[in-house]
Amino acid sequence: MSLIEVQSRIKKAALKADRNSDEIKLIAVSKKQPNDRVESVVDQGHRIFGENRVQEAMQKWPSHRKKYSDIEIHIIGHLQTNKARQAMKIAQFIHSVDRSKLAQTLAKLAQETGNCPDLFIQVNTGEEPQKTGIFPTETTKFVTSCRQMDLPVCGLMCIPPINEEPALHFALLKKLAERTGLTYLSMGMSEDFETAIRFGATHVRIGSAIFGPRE
């Protein structure tokens, strides 16, 4: 596949779901991708990219931003508290606020610096013990707690279990977002983004379908 093909499929999925494709942000997940592939996508005009690791983002994107100041970085992987300050410097969005300690660290840094990226709460919709994220039953309480700390929470994020129907998890995330009054839904990857769009995804995180397999 390619960037153009993915963009076309997003438009078709949005049309089928009676949605405006302009409401859907395509996050090109560039983690562990060689620089020539990343440069190719940047040169095609795409400006929204996702990184799992803060260190990789710090190494990769400052040079690209010297050429294209409108590049938007999303941290989508598990964020260690000791990397929070760096994440806040490099990213406009953080998708993986998954525990109270991280929320408290971000709130402290936001008060110190007067700035904070927009935040997604990561929900462990499958309640998988090996995954991070807030359990569905804890989501409302956690969102309220983050708001009380004046954190700019804009939406929810999930990664469905590998061997389960993703539609069930996308539907649950949408219900939780409606319950908590949140606008954005970060859900859907290369294998299931069209299903996610059907259930209201506003941000889809697509890597291999754009860049090819990671080396």
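Higher on the page you've got the structure.
To start, this report covers the structure provided alongside it. From a predicted model like this one, the values you see are computed outputs, not experimental measurements.

1. Focus on the pattern of salt bridges
Piece 1. Tallied over the entire structure, the rule returns 9 salt bridges.
Piece 2. Salt-bridge contacts for Arg 19 lead to Glu 23; the nearest nitrogen and oxygen are separated by 3.6 Å.
Piece 3. Its relative accessible area of 18% is what places Arg 19 among the buried residues.
Piece 4. Where Asp 98 meets Arg 99, a salt bridge forms, and the shortest distance between an N and an O atom there is 2.5 Å.
Piece 5. Residues joined in a network through salt bridges with shared partners are Glu 51, Glu 56 and Lys 60.

2. Concerning the packing of helix α6 (residues 139-148) against helix α7 (residues 166-180)
The packing of two helices is summarised by the inter-axis angle and the distance between the axes.
Piece 1. For the pair α6 and α7, interaxial distance at closest approach is 10 Å and the crossing angle is 45°. As far as their axial angle goes, α7 and α6 are oblique. In the crossing of α6 with α7, the sense of the turn from one axis to the other is right-handed. Packed against α6, whose contacting residues are Thr 139, Thr 140, Val 143 and Arg 147, the element α7 presents Leu 176, Arg 179 and Thr 180 at the interface.

3. Section: the packing of helix α2 (residues 35-43) against helix α3 (residues 54-67)
Piece 1. Running from amino to carboxyl end, α2 crosses α3 at an angle of 30°, the nearest separation of the two axes being 12 Å. Classified by the interaxial angle, the pair formed by α2 and α3 is roughly parallel. Relative to α3, the crossing made by α2 is right-handed. Residues Asn 35, Val 38, Glu 39, Val 42 and Asp 43 of α2 touch α3, and the partners they reach there are Lys 60, Trp 61, His 64 and Lys 67.

4. Structural notes on α2
Piece 1. The set of residues buried in α2 consists of Val 38, Val 41 and Val 42. One side of α2 carries all its buried residues, which in axial view fall inside an arc of 100°. Across α2 from its buried face, at more than 90 degrees, point the exposed residues Asp 36 and Asp 43.

5. Thoughts on helix α1 (residues 3-16)
One full turn of an α-helix is made of 3.6 residues, so residues set three or four places apart face in the same direction.
Piece 1. Relative to the 20 Å expected for 14 residues at 1.5 Å per residue, α1 spans 20 Å between its end C-alpha atoms, a close match to the ideal helical length.
Piece 2. Within α1, the full set of buried residues consists of Leu 3, Val 6, Ile 10, Ala 13 and Ala 14. Looking down the long axis of α1, one finds its buried residues gathered within 100° of arc, a one-sided arrangement. Residues Ile 4, Lys 11, Lys 12, Leu 15 and Lys 16 are exposed on α1 and point more than 90 degrees away from its buried face.
Piece 3. Looking at the packing, one finds that the buried side of α1 touches β1 (25-29), α2, α8 (193-198), β8 (203-206) and α9 (208-211).

6. Things to note about the pairing of strand β4 (residues 93-97)
Piece 1. Taking burial as the measure, the 5 residues of β4 include 5 buried ones, the bulk of the element.
Piece 2. Summarising the sheet, strand β3 (residues 72-75) and β4 pair through 2 bridges and their orientation is parallel. By the bridge assignment, Ile 75 is partnered in β4 with Ile 94.
Piece 3. For the crossover that starts at β3, traverses helix α4 (residues 84-90) and ends in the parallel β4, the hand is right-handed.
Piece 4. Relative to strand β5 (residues 118-122), β4 runs parallel, the two sharing 3 bridges. Opposite Ile 94, over in β5, you have Leu 119 as the bridge partner.
Piece 5. The parallel pair β4 and β5 is bridged by helix α5 (residues 100-113), and the resulting crossover is right-handed.

7. A look at unusual backbone geometry
Piece 1. Of note, the phi angle at Lys 32 is positive, near 60°, even though the residue is not glycine.
Piece 2. Among the structural elements, Lys 32 can be located in the loop between β1 and α2.

8. Describing the state of the cysteines
Piece 1. Per the stated rule, a full pass over the model turns up 0 disulfides.
Piece 2. Just so you know, Cys 116 is unpaired, no disulfide at all, and the nearest cysteine sulfur is the one on Cys 146, 9.9 Å from it.
Piece 3. Here Cys 158 is not cross-linked by a disulfide; its sulfur's nearest cysteine counterpart is in Cys 154, at 14 Å.

Calculation criteria
- Within any chain, residue numbers begin from 1 and follow the written order of that chain's sequence.
- A pLDDT threshold of at least 70 governs which residues receive local features in this predicted model, and a stricter bar of 80 or more applies before side-chain atom pairs are shown or counted, although totals over entire chains, interfaces and linings include all residues.
- Side-chain numbers come from the whole structure's heavy atoms, not from hydrogens or water.
- We define a salt bridge as a contact between a side-chain nitrogen of Lys or Arg and a carboxyl oxygen of Asp or Glu at a distance within 4 Å.
- Any residue under 20% of the maximum accessible area for its type is buried, any over 50% is exposed, and the rest in between are partly exposed; the area is computed with a 1.4 Å probe on protein chains only.
- As a rule, the C-alpha atoms of each element are fitted with a line to give its axis, helices using only the stretch in contact, and angles between N-to-C directions run from 0 to 180 degrees.
- Secondary structure elements follow DSSP: runs of H or I of four or more residues count as helices, runs of E of two or more count as strands, with numbering from the N terminus.
- Each angle gets one of four labels, with under 35 degrees taken as roughly parallel, over 145 as roughly antiparallel, 65 to 115 as roughly perpendicular, and the rest as oblique.
- Should the near helix be turned counterclockwise from the far one by less than a right angle, the crossing is left-handed, whereas a clockwise turn marks it as right-handed.
- Should any heavy atoms of two residues lie within 4.5 Å, those residues are counted as being in contact.
- The directions from the helix axis to the C-beta atoms form the arc being described.
- For a helix, the expected span equals 1.5 Å multiplied by the residue count minus one.
- Two strands are counted as paired when DSSP detects at least two bridges linking them.
- For the handedness criterion, the strands are oriented away from the viewer, and a crossover whose path from the first strand over the helix to the second runs clockwise is classed as right-handed.
- Two cysteine sulfurs form a disulfide in these notes if their separation is within 2.5 Å.

Treat this as a map of the structure, not an account of what it does.
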